[in-house]
Amino acid sequence: MSTPYNRLQAYLDQVAKHPGAARAMAFGDSWFQYPLRRYGDLETKLSRHFGRRLLTLDDSYPGRDAKEALALLPRWSGVARHLAEQGTPLDLFLVSMGGNDIIGQDFALHLKRAEDAPDGQSWPWHPAIPPVVQRHIRLEALKRSFATVQAFYEGVVLLRDTHAPQAAILTHTYGDVTPMDVPYTFIGFTSGPWLWKPMRDFGLTDAGEQRALSRWLLESFCRMLTFVARSTHAFVVLDTRGELTDPAGWDNEIHPEGPGFQHLVDRFWVPAVDAVLAGAGTAKKAATRTGRAKKRSATRSVAKKSGAGQAAVKKAAAKQAIRRSGAGRARVKPR
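What you see is a predicted model; the values in this text were computed from it and never measured.

(A) View of the pairing of strand S2 (residues 22-28). Burial analysis of S2 places seven of its seven residues in the buried class, the great majority of the element. In S2, alternate side chains face the same way, and those of Ala22, Ala24, Ala26 and Gly28 on one face and Arg23, Met25 and Phe27 on the other are all buried. When S2 meets strand S3 (residues 54-58), the two strands line up parallel, connected through five bridges. From the neighbouring strand, Ala26 faces S3, where its bridge partner is Asp58. Across five bridges, the pairing between S2 and strand S4 (residues 92-96) is parallel. Looking at the pairing, Met25 lines up with Phe93 of S4.

(B) Structural view of the nonpolar core. The biggest cluster of nonpolar side chains holds 90 residues, and the ones touching the most others in it are Trp76, Phe93, Phe152, Tyr153 and Leu213. If you tally residues by element for this core, the top one is helix H9 (residues 258-325), at ten residues. Non-local contacts of Phe93, meaning those with residues more than four positions away in its chain, are made with Met25, Phe27, Leu159, Arg160, Ala164, Ala167, Ala168, Ile169 and Leu170.

(C) The arrangement of the sheet that holds strand S1 (residues 2-4) in detail. Taking strand neighbours across the sheet as the criterion, the six strands line up as S1-S3-S2-S4-S5-S8 in an open arrangement whose pairing is parallel. Strands with a single pairing partner mark the edges of an open sheet, and in this sheet they are S1 and strand S8 (235-238). For this sheet, the mean angle separating the axes of adjacent strands, direction not counted, is 20°. Sheet analysis places strand S5 (residues 168-172) next to S8, joined by four bridges and oriented parallel.

(D) Representation of empty space enclosed by the protein. Considering all chains together, one arrives at two cavities of 30 Å³ or more under this definition. If you add up the space inside the largest cavity, you get close to 70 Å³. Lining the largest cavity are Asp29, Ser30, Trp31, Gly99, Asn100, Ile103, Gly104, Tyr174, Val177, Ile254 and His255. Put simply, the second largest cavity is a space of about 30 Å³. Lining of the second largest cavity is provided by Met1, Glu43, Leu46, Ser47, Phe50, Leu54, Thr56 and Leu94. Secondary-structure elements contributing two or more residues to the lining of the second largest cavity are helix H2 (42-50) and S3. The element that contributes the greatest number of residues to the lining of the second largest cavity is H2, accounting for four residues. Across the lining of the second largest cavity, the residue classes break down as five nonpolar, two polar and one charged.

(E) Unusual backbone geometry, seen in detail. Cis rather than trans, the peptide bond between Gly192 and Pro193 has omega equal to -5°. Within the secondary structure, Pro193 is located in the loop between strand S7 (189-191) and helix H7 (196-201). One non-glycine residue, Ile187, adopts positive backbone phi at about 45°. Of note, Ile187 is situated in the loop between strand S6 (184-186) and S7. For Ala234, which is not a glycine, the phi torsion comes out positive at approximately 50°. Checked against the element boundaries, Ala234 lands in the loop between helix H8 (207-230) and S8. For Ala234, a relative accessible area of 34% puts it in the partly exposed group.

(F) Highlighting the layout of surface pockets. There is about 270 Å³ of room inside the largest pocket. Every residue lining the largest pocket is counted, 14 residues in all, and those nearest its centre are Ser30, Pro62, Gly63, Ser191 and Trp194. Here the lining of the largest pocket is built from residues that sort into eight nonpolar, six polar and no charged. Volume-wise, the second largest pocket comes out at about 170 Å³. Forming the walls of the second largest pocket are Ser2, Pro4, Tyr5, Asn6, Gln33, Glu43, Thr44, Ser47, Asp58, Asp59 and Ser60. Breaking the lining of the second largest pocket down by element, the ones donating at least two residues are S1 and H2. By residue number, the principal contributor to the lining of the second largest pocket is H2, which donates three residues. When grouped by side-chain class, the residues that make up the lining of the second largest pocket number two nonpolar, six polar and three charged.

Cut-offs applied
- Residues numbered from 1 in each chain as written.
- Predicted model: local features only at pLDDT ≥ 70, side-chain atom pairs only at ≥ 80, totals over all residues.
- Heavy atoms only, no water.
- Buried < 20%, exposed > 50% of the residue type's maximum accessible area, 1.4 Å probe, protein only.
- Helix = DSSP H or I, 4+ residues; strand = E, 2+ residues; numbered from the N terminus.
- Pairing = 2+ DSSP bridges.
- Core = buried A, V, L, I, M, F, W, Y, C linked by side-chain atoms within 4.5 Å.
- Contact = heavy atoms within 4.5 Å.
- Axes fitted to C-alpha atoms, helices over the stretch in contact; angles between N-to-C directions.
- 1 Å grid on protein atoms, 1.4 Å probe; cavity = no way out; pocket = protein on both sides within 12 Å on 5 of 7 lines; lining within 4 Å.
- Points joined across faces, edges and corners; volume = space filled by probe spheres on them.
- Nonpolar A, V, L, I, M, F, W, Y, C, P; charged D, E, K, R; others polar.

Right under this line is the structure:
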C-alpha cells in the first residue's frame, strides 16, 4: 500500500495499525510517479501487487533530478529516524533517480556541436569513448552531473546505514530508450522530446548514432551504480537497460506505456522485493524467537529465585520452632 508523502501522518498510522507489515520509503522521478496516465508507473504497480504486505511512503515527483533529491535527503532522514525510534524501522528503500540528469531534462546541458572544442578527454565510468561521444558530449559537464547523481545515492546509503542498517536499497537502470520525435502530451500540454530534439539542434541527426549515444550514457550510469553497490551492502541494482527494445511500446522517448512498466515490475522489481521481504520476515521471526527465549529464561530465573527464597523462609521458621521447643539446646556431656 502506497501513501503520498503529504499524508505522512496517515502512513505512520498505518505502520502502527499493521506492525507485521514491511515498511518502505520510495523516492524517485516520473518512473515512480508518471502523471495523468491510467496504467500506473513502477511504484504504483508495486503497491498494487503487494498491498498491505508492504507499506510504502512515496515521495516521488516527475522531473525530479539528483540535485533536488539531495536537498530532500534531510527530510527523508527525519522520517527514517522517527520510525527507528518507534521500533518500526524501514525494511526497504525504493529509488528511481538519475534519469533526468542523464537522459532527461538535463541532457542538453552536456551536448556540443561536432566543430566545438573538446570539453574533457577522459571518462571514469567507461573504458571506451565512442566517436559520437567525443564529437557531441561535453565530458567535464557530464562528469559534474554524474558526480551529483553519485552523491545522491551515497547519501541514501548513509541515511540507510544511520537509521535502518538492516534495510535494502533497490534501484534500476531504466530501459532501452530510443531518441525519437515523440513528446509527452496530455490535453494540450507537451513536454519533450528530451533526447531527439537537443541532439538534432546540436547537429546529431543519425538515428543509429543517437541510439548509440543513449546506450553509452545508460551503460555509464549502470557502471556508476554498480560502483556504489560494491562499496556497501544490500544495494541492489536492477539492470533493466536491455528491456523494452521496441519503441512502439513506449508512450514517448523516455517513458514506456503500461505493459512496459508491468513487464519491468513482474520480471525485476517483484522478485527483488520478495527476496527482501523474505529476509525481513526471517529476521523478525528470529528476533521474536530470541525475545521469547529471553522471556522464558527470565521467568525461570525469577521462579528459581522465588523458590529459593521460600525455602529459606521455611528453613528459618523451622529453626525458630526448634529453639522454642528446647530441642535445640546443647546436649549434656557424658560423665
